[in-house]
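Coordinate inspection notes
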Amino acid sequence: MPAFSYKGRNATGEAVQGVVEAATSNDAAGSLLGQGITPLEIKDAPAAALKKKEDGAGGFDLFAEKIEHVDILLFTRQLHTLMKAGVPIMRALAGLQESNNNKAMKSMLGQLRDSLDSGRELSMALARHPKVFTPFYLSMVRVGEMTGRLEEIFLRLFDHMEFERFMREQVKSALRYPSFVMMAMAAAIVVVNIWVIPAFAKVFQGMNAELPILTRILIGFSDFMVNWWYVILGGVAGLIFAFRGWTATPGGLYTWDKWKLRIPIAGKIILKATLARFARSFALASRSGVPVIQAMTTVALTVDNAYLAEKIERMRDTVERGESILRAAIGTGAFTPIVLQMIAVGEESGSLDEMMEEVAGMYQGEVEYELKTLAQQIEPIMIIMLGAMIMVLALGIFLPLWDLGRVTMKK
């Protein structure tokens, strides 16, 4: 829809200006008059698009500041506090804009003020920044506007986002230790093949004897690494780029997220953390008065797992056809018996939001416990892998030396 910049005066006679979307300039004037603004000047607004580009909405700047999750977390908390104190929304946004040190955040707050000044609702103004505000966030704000409980919704959103950040950090912690172990083992293999095995290969060359098959394999692989290291590096880099490109596709992301839940030890932690996010999001949406169908649509976007998101969407379709939430959840095959039991009790008692809150708290506790014992769970696997690697190296390197020792003793 075309945009028009305007200058005018409000009901108190104060000069105001901004941008309004309308089909024609006459429609823009009618919209402004409906808001209590007397337009003095209305013209096409190409400058608005230029301002948006200059503020960083367009183009790409490697060194430009970005709006992070913690910025929106603080924005939500501060907005709740200001609204609770009775500060008008426009004055609250102005104060947050002046006190913010993040240029991208400051620019976004300025655009929010312009949108509100042009007559948009807060949810519509936030929706103009889809990379910053999630559909779940927008849905909750929209519910707050309709019910008149916007202040309460912002507090609940803050608690939810704090929980989301905690669970994401827990998942990263779960994957950090096994990733470090695998990188350490890979580094050890590189060191052995580049420096250790070539030294023994020189000794074996002077033996003039047929080497065991395992030794020949180790020497051949070592020679390949020494002579073709750039091919290996290129192959590894190519695999990384290919993997990122694959996971950027819907099918690849779905397969990876499904496989991720089956990783030994770490997979169950990721599953519990994802189910905790689902339960907390569903409890918040249900408690805030969001209809069940709409709640499932928005919750599917918050679980951060394409595989489980597809299961939740399938669950939504089943409920939409008239089935109970319990039957829909059982049909997906994605939820644990504990979650299903809680859903059954919640549906029967009419306290589904409370049961989902219990599920979220329970899985949060389990994730914390699993992370504390993660090292103990991984140690046996690590010991077996290290033992297997050492055994292969020992047999490949020392078998020829033992054969040489036996031949020398016979002589």
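As the structure is a computational prediction, the values presented were derived from the model and not from experiment. Throughout this document, residue positions are counted from 1 along each chain, in the order its sequence is written. Selection of residues for local features in this predicted model requires a pLDDT of at least 70, selection of side-chain atom pairs for listing and counting requires 80 or more, and totals for whole chains, interfaces and linings are taken over all residues. Hydrogens and waters are ignored; side-chain quantities use all the structure's heavy atoms.

Next up on the list: the environment of H160. Secondary structure elements are defined from DSSP: runs of H or I of at least 4 residues count as helices, runs of E of at least 2 residues count as strands, and each element is numbered from the N terminus. With respect to the element layout, H160 can be found in helix α8 (residues 150–205). The buried label goes to any residue with under 20% of its type's maximum accessible area, the exposed label to any with over 50%, and the partly exposed label to all in between, with areas taken from a 1.4 Å probe on protein chains only. For H160, a relative accessible area of 5% gives the class buried. A C-alpha to C-alpha distance of 7.2 Å links H160 and R280, two positions 120 residues apart in sequence. Contact partners of H160, with chain neighbours within four places excluded, come to F136, R280, S281 and L284. The term polar contact refers here to a pair of N or O atoms within 3.5 Å; inside protein, the definition further demands a hydrogen-donor-capable atom paired with an acceptor-capable atom, and it admits residues adjacent in sequence only when both atoms are side-chain atoms. A polar contact of 3.4 Å, which involves the side chain of H160, links it to the side chain of S281. In what follows, a contact means two residues having at least one pair of non-hydrogen atoms within 4.5 Å.

An α-helical turn contains 3.6 residues, so any two residues separated by three or four positions project in the same direction. To estimate the expected span of a helix, subtract one from its residue number and multiply by 1.5 Å. Here helix α14 (residues 306–320) spans 21 Å end to end across 15 residues, near enough to the 21 Å set by a 1.5 Å rise per residue. Taken together, the buried positions of α14 are Y307, L308, A309, K311, I312, M315, R316, T318 and V319. The opening residue of α14, the one whose side-chain oxygen lies 3.1 Å from the backbone nitrogen of Y307, is N305. One or two residues past the end of α14 sits G322, with phi positive at roughly 110 degrees.

Next up on the list: the nonpolar core. In summary, soluble globular proteins display a tendency toward joint burial of nonpolar side chains. Ranked by internal contacts, the top residues of the largest apolar core, which has 74 residues, are F75, Y137, L157, F335 and M356. Of the residues forming this core, the biggest block, 11 residues, is contributed by helix α12 (residues 266–287). In this structure Y137 touches I72, F75, T76, L126, F154, L157 and M161, once residues within four positions along its chain are discounted. Throughout, nonpolar core names a set of buried Ala, Val, Leu, Ile, Met, Phe, Trp, Tyr and Cys residues whose side chains join them through atoms within 4.5 Å. Counting residues in hydrophobic clusters, the runner-up holds 11 residues, among them I197, F204, L211 and L218.

The N-to-C vectors of α8 and helix α9 (residues 213–227) enclose an angle of 120 degrees; their axes lie 9 Å apart at closest approach. As judged from the angle between their axes, α8 and α9 are oblique. α9 is crossed by α8, and the crossing has left-handed handedness. On α9, the residues that touch V190, N193, I194, I197, P198, A201 and F204 of α8 are T215, L218, I219, F221, S222, M225 and V226. Three classes are used: nonpolar for Ala, Val, Leu, Ile, Met, Phe, Trp, Tyr, Cys and Pro, charged for Asp, Glu, Lys and Arg, and polar for all others, with Gly counted as polar. A per-class count over the contact of α8 with α9 returns 11 nonpolar, 3 polar and no charged. Comment: axis = line fitted to C-alpha atoms, over the contacting stretch for helices; angle = value between 0 and 180 degrees taken between N-to-C directions. Angular relationships are summarised with four words: roughly parallel below 35 degrees, roughly antiparallel beyond 145, roughly perpendicular across 65 to 115, and oblique for the angles in between. When the near helix sits turned anticlockwise from the far one by under a right angle, the crossing is termed left-handed; a clockwise turn instead gives a right-handed crossing.

With that settled, consider the environment of L399. Mapped onto the fold, L399 is located in helix α18 (residues 374–410). Placed 187 residues apart in sequence, L399 and P212 show a C-alpha to C-alpha distance of 7.5 Å.

This next bit is on the packing of aromatic side chains. For this analysis, a ring pair means two rings from Phe, Tyr or Trp (six-membered ring only for Trp) whose centres lie within 6.5 Å, classed as stacked if their planes differ by under 30 degrees, edge-to-face if by over 60, and tilted for the remaining angles. In the structure shown here, the tally under the stated rule is 10 aromatic pairs. For the pair F243 and W246, a centre-to-centre distance of 6.1 Å together with 50 degrees between the ring planes defines the contact as tilted. Of this pair, F243 and W246 both sit in helix α10 (residues 229–247), separated by 3 residues, roughly a single helical turn. Note on W256 and W259: the rings are 5.2 Å apart at their centroids and 25 degrees apart in plane angle, and the pair reads as stacked. In this pair, W256 and W259 are both assigned in helix α11 (residues 250–260), 3 residues apart and thus about one turn of the helix distant. Here the aromatic residues F243, W246, W256 and W259 are joined through ring pairs into a cluster of three or more.

Further remarks concern the packing of helix α3 (residues 69–84) against α8. Following both chains from N to C, one finds α3 and α8 inclined at 155 degrees, their axes separated by 9 Å at the closest point. Between α3 and α8, the interaxial angle falls into the category roughly antiparallel. Crossing geometry of α3 relative to α8 is assigned as left-handed. Of α8, the residues touching α3 (which contributes H69, V70, I72, L73, T76, R77, L79, H80, M83 and K84) are L150, E151, F154, L155, L157, F158, M161, E162, R165 and R168.

Now for unusual backbone geometry. The phi angle at I265 is positive, at roughly 70 degrees, despite the residue not being glycine. Position of I265 among the secondary structure elements: in the loop between α11 and α12.

Quick look at α11 now. G252, D257 and K260 are the residues of α11 that are buried. Angular distribution of buried residues about the axis of α11 spans 125 degrees; they occupy a single face of the element. Its buried side turned inward, α11 meets α10, α12 and α14. This arc corresponds to the set of directions leading from the helix axis out to the C-beta atoms.

Here the focus is empty space enclosed by the protein. Both cavities and pockets are sets of points on a 1 Å grid over the protein atoms alone; in a cavity a 1.4 Å probe fits but cannot get out, in a pocket the set is open with protein on both sides within 12 Å along at least five of seven lines, and lining residues sit with an atom within 4 Å of a point. Grid points are joined across faces, edges and corners, and a volume is the space filled by probe spheres set on the points. According to the stated counting rule, one finds 1 cavity of 30 Å³ or more in the structure shown. In this structure, the largest cavity encloses a volume near 40 Å³. Lining the largest cavity are T274, L275, F278, V303, L308, K311, I312, A334 and F335. Looking at the lining of the largest cavity, the elements that each hand over two or more residues are α12 and α14. For the lining of the largest cavity, the residue count by class is 7 nonpolar, 1 polar and 1 charged.

By definition, a salt bridge exists where a carboxyl oxygen of Asp or Glu is found within 4 Å of a side-chain nitrogen of Lys or Arg. Across all of its chains, the model carries 12 salt bridges by this definition. One salt bridge in this structure joins K272 and E366, with 3.0 Å as the shortest N-O distance. On the criterion of sequence distance, the pair formed by K272 in helix α12 and E366 in helix α17 (residues 352–372) is long-range, its members being 94 residues apart. When the shortest N-O distance is used, the salt bridge between E370 and K272 registers 3.2 Å. Of this pair, E370 sits in helix α17 while K272 sits in helix α12, and the two are 98 residues apart along the sequence. Note on E370: relative accessible area 9%, which makes it buried.

Scored from 0 to 100, pLDDT records how confident the predictor is in each individual residue. Taken over all residues, the pLDDT of the chain has a mean of 82, while the share at 70 or more is 88%. Note that residues 47–62 has pLDDT below 50 and, in this model, 7 contacts with residues that lie over four places away or in other chains.

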